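Reading the structure
Okay, here's what each chain looks like letter by letter:
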Amino acid sequence: MTGAREFASMLCIAAVSCCALRLLIPQGALDPVLRMILSAFFLLCLLSPLRRLPSFALPQGALEEGAAPYRAGLDESYSALVEEAVEKNIGKLVEARLQKIGAEGTNIRINVNTNEDGSIDISGIELTLSPESAGLAAQVKESIEKDMELPCAVRISPEV
């Protein structure tokens with residue numbers, strides 16, 4: 001009960017202080033700013049008992065235990081998305097390199113793996129060239145291995 005009495009007296013003192021300050025400061029261009037400051041002060045006085053409420057914080061690790069089953073699925077989905085993005089982007093780079101050389105690739109495969117620690121391992125590039133580009137196979141292999149610093153296996157597609 002004394003807490004409620006203290007709060008009521010604090011609110012009355014704050015209200016009287018705000019009114020007295022408003023009467024003492026002359027009206028002018030700063031009047032809207034003064035009103036906002038006094039309103040914020042009174043609002044903080046009104047809300048001050050809320051800081052004494054008990055904390056509703058969860059115990060340490062409560063959310064982690066409940067999320068553990070979902071985390072594995074999310075990690076796998078994330079790894080799959082990262083691998084797909086890596087394959088797509090490196091595939092575009094290989095296609096650009098083939099176009100620059102003048103060769104035509106029919107199948108580009110990037111060997112991407114995600115390690116247990118989350119790191120990405122790109123073990124190599126497998127590339128199938130069309131029969132028309134068979135003469136450029138050595139140049140394509142050399143160019144890709146030099147530019148991307150990855151081992152490259154080049155095959156020639158059988159003629160249809």
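Residues numbered from 1 in each chain as written. Predicted model: local features only at pLDDT ≥ 70, side-chain atom pairs only at ≥ 80, totals over all residues. Heavy atoms only, no water.

Considerations on a nonpolar patch on the surface
Rules: In this analysis, a patch consists of residues with relative accessible area above 30% that form no salt bridge, clustered at 9 Å for like charges and at 5 Å for the nonpolar side chains Val, Leu, Ile, Met, Phe, Trp and Tyr. Residue burial considers only the protein chains on display, and all accessible areas are found by Shrake-Rupley using a 1.4 Å probe. Each reported salt bridge corresponds to a side-chain nitrogen of Lys or Arg within 4 Å of a carboxyl oxygen of Asp or Glu. Runs of H or I in DSSP of at least four residues are treated as helices and runs of E of at least two as strands, each being numbered from the N terminus. Three exposure classes are used, based on accessible area relative to the maximum for each residue type with a 1.4 Å probe and protein chains only: buried under 20%, partly exposed in between, and exposed over 50%.
Together, Leu43, Leu46, Leu47 and Leu50 make up a nonpolar patch on the protein surface, roughly 350 Å² of accessible area in all. In this fold, Leu50 is placed in the loop between helix H2 (31-47) and helix H3 (62-101). The class of Leu50 is exposed, set by a relative accessible area of 51%.

Describing the confidence of the model for the protein
Heads up, the condition is: Every residue carries a pLDDT, the predictor's confidence in it, which falls somewhere between 0 and 100.
The pLDDT averaged across the protein works out to 81; a share of 89% of its residues lies at or above 70. When mean pLDDT is compared element by element in the protein, strand E3 (residues 152-156) scores highest at 86, while H3 scores lowest at 79.

A closer look at the sheet that holds strand E1 (residues 105-114)
To keep it simple, the criterion reads: Here, strands pair whenever DSSP counts at least two bridges between them. Helix axes are fitted only over the stretch in contact, all axes being lines through C-alpha atoms; the angle between N-to-C directions runs from 0 to 180 degrees. In this description, contact between two residues means that some pair of their heavy atoms is separated by no more than 4.5 Å.
Pairing within the open sheet is mixed, and its 3 strands lie in the order E1-E2-E3. A strand with exactly one partner marks an edge of an open sheet, and here the two such strands are E1 and E3. Strand-to-strand twist in this sheet, taken as the mean axis angle between neighbours without regard to direction, amounts to 15 degrees. The pairing of strand E2 (residues 120-129) with E3 spans 5 bridges and is classified as parallel. Its bridge partner lying in E3, Leu129 is registered against Ile156. Across the sheet, helix H4 (residues 137-148) lies against E2 and E3, angled at about 160 degrees from E3, the strand it touches most.

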